[in-house]
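# Results of the structural survey
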Amino acid sequence: SFMWGTAVAACARAARWEEAVLLHHEMKARGMRPDKVSYSAVITACDRALKWQVAVELLQEMIASGIMPDIRAYNSVLSALARAGNTKLALELFERVKREGLNPTVFTFASLIKCFANNGDWKQALLLLEDMRISGVEPNLVTYNSCISACEQAGRLDVAQNLFNELEVLKIRPDVITYSALISTCEKAGEWRQALAYLEALKASNLKVNEVAYNAAIAACGRGYQWRKAIDLLRELSDTEGLKPDVYSYSSAIAACERSQRWQDAVDLLEEMIQKGLIPNVVCFSSAISACSKAGQWEFAMKLLQRLRDGQGLTPDLIAFNACITGCARSLQWEKALELFDEMVKCGISPDVITFNSLINACARASKVEQAFSLLKKMESSGITPN
RNA sequence: AACGGCAUAUAGUCUACAG
């Protein structure tokens, strides 16, 4: 049983959740009783694969088979819920942990903080930081990194910087994750200069810079309309020993060009990444589509959409369609926009409020008042509330 | 007391109005 549990853990580590679950079931079929460690391991495998429902089921199964989950088993489930964005259930489970008289650990709090971070709720994250001190759990670097990350969505760089300063007071050394989280917070705050300053500080430290930090900085430049700096960083990343640009680097750089109305540069970067042997994903394509759309290059946008349809393992998603519809709208191609709408529905993609806004805009720009109103009706009958 | 299980960072889409 111990051996099987170890095998389950190995599957979890290798990100093979199906095999972990299979092993778990075979174990039971052979009359073995997975212990709490084995259960935690298989739950962790589900966590990595975003299978929170399975994780919750396994916890229930564990209880049903007479094994009392320990705090680490709960932590595994909480992590799965946090990763999947199920804050409500996570909080319920946290209440249960306390009712059971189990002591939450620093791991427990990290998952809960991540839940609030997902929702951009930095205030709740900071309250948890306070709660953990009160309950005698010492915050660590992961706790602080999670809290800094919770400041990102709201762009509360001030709060993030206070947390960073607290680390120094506590004599906790920041790591590359701390810096990346700060850089991303700068991005959302529109502070690209500060983002670059943090990247420089990271490079000057004895920490190892990685792609994530660079990518976050590229995105920060992009949001600040610094497309040239974004591309410079991409080049610098290429030239850095041991690092190489990945799909995130390129998608961020393409998006930077898009924001700065540099559609040709965006498309060039898309081609460049292919030449370098990277496989652009739907995000790279839709960023490039959006770049063309904004520049009135609707035909080019349509061509890129076509490549997305033809590409190996690629299919246009909601955002790709929306971006292309917007391009048609701007170029007064309202009929093409409506065709794209029909196509996406046929593909089983549910249009959202942005889809309808773009379509209505397409009709509006082309003075197709009737069609615009009929879309508004269609929107409401599809259960989408006009904003 | 030890052993197999737990947490943190990066990218894409719309409109009007105001500035």
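Note that this is a predicted model, so its numbers are computed, not measured.

## Considering the overall build of chain A
On a plain count of helices and strands, chain A comes out with 22 helices and zero strands. Expressed as a percentage of the 387 residues in chain A, the buried residues total 48%. Taking the intrachain contacts of chain A between residues at least 6 apart in sequence as the baseline, contacts between residues at least 24 apart amount to 61%. The average position of the 43 basic charges and that of the 44 acidic charges among the side chains of chain A differ by 0 Å.

## Details of the protein's contact with RNA strand B
With respect to spatial proximity, 64 residues lie near RNA strand B, and among them S40, N75, S251, S286 and N357 are the closest. At 3.0 Å from a phosphate oxygen of RNA strand B is found a side-chain nitrogen or oxygen belonging to K114. Within the contact set of RNA strand B, a base oxygen lies 2.6 Å away from a side-chain nitrogen or oxygen of N322.

## Some words on helix α22 (residues 369–381)
Taking 1.5 Å of rise per residue, 13 residues should cover 18 Å, and α22 covers 19 Å from first to last C-alpha, within 8% of that figure. Here α22 has its buried residues at A372, L375 and M379. With its buried residues spanning 60° around the axis, α22 presents them on a single face. Across from the buried face of α22, at angles greater than 90 degrees, the exposed residues are E370, F373, K377, E380 and S381. Buried-residue contacts for α22 involve α20 (334–346) and α21 (353–365). After α22 finishes, the residue G383 shows a positive phi value of roughly 80°.

## Here's the deal with the pattern of salt bridges
Evaluated as defined, the whole model comprises 18 salt bridges. Of the charged contacts, one joins R83 and D47 as a salt bridge, the two residues approaching to 2.7 Å between their closest N and O atoms. Of the two residues, R83 sits in helix α5 (residues 71–84) while D47 sits in helix α3 (residues 36–48), which places them 36 residues apart along the sequence. For R83, a relative accessible area of 37% puts it in the partly exposed group. Overall, D47 belongs to the buried group, its relative accessible area being 4%.

## Some thoughts on the packing of aromatic side chains
Scanning the entire structure with this criterion turns up six aromatic pairs. On the numbers, 5.7 Å between centres and 70° between planes, the contact of F164 with Y179 is edge-to-face. One end of the pair, F164, is in helix α10 (residues 157–169); the other, Y179, is in helix α11 (residues 176–189), and 15 residues separate them in sequence. Seen from their ring centres, Y179 and Y198 are 6.4 Å apart, and the 65° between their planes marks the pair as edge-to-face. Note that Y179 is positioned in helix α11 and Y198 in helix α12 (residues 192–204), a separation of 19 residues in sequence.

## Some points on the side chain of E272
As for its placement among the helices and strands, E272 is situated in helix α16 (residues 263–275). Owing to a relative accessible area of 18%, E272 belongs among the buried residues under this scheme. Excluding residues that lie within four positions of it along the chain, E272 makes contacts with L234, R235 and Y250.

## Quick word on the state of the cysteines
The tally for this structure, following the rule as stated, stands at zero disulfides. In this model C324 remains outside any disulfide bridge; the closest cysteine sulfur is found in C328, 5.1 Å from its own. Take C324: its relative accessible area is 0%, and that puts it in the buried class. Left unpaired, C363 is separated from the closest cysteine sulfur, that of C328, by 12 Å.

## Here we look at the side chain of S251
Tracing the sequence through the fold places S251 in helix α15 (residues 247–259). When neighbours within four sequence positions are excluded, S251 is seen to be in contact with V283, C284 and S287.

Definitions and cut-offs
- Residues numbered from 1 in each chain as written.
- Chains lettered and ligands numbered in written order.
- Predicted model: local features only at pLDDT ≥ 70, side-chain atom pairs only at ≥ 80, totals over all residues.
- Heavy atoms only, no water.
- Helix = DSSP H or I, 4+ residues; strand = E, 2+ residues; numbered from the N terminus.
- Buried < 20%, exposed > 50% of the residue type's maximum accessible area, 1.4 Å probe, protein only.
- Contact = heavy atoms within 4.5 Å.
- Lys, Arg positive; Asp, Glu negative; His and termini not counted.
- Charge placed at Lys NZ, Arg CZ, Asp CG, Glu CD.
- Near = heavy atom within 4 Å.
- Polar contact = N/O pair within 3.5 Å; in protein donor to acceptor, adjacent residues only side chain to side chain.
- Expected span 1.5 Å × (residues − 1).
- Arc of directions from axis to C-beta.
- Salt bridge = Lys/Arg side-chain N within 4 Å of Asp/Glu carboxyl O.
- Phe/Tyr/Trp six-rings, centres within 6.5 Å; stacked < 30°, edge-to-face > 60°.
- Disulfide = S-S within 2.5 Å.

Any link to function would need more than the numbers given here.
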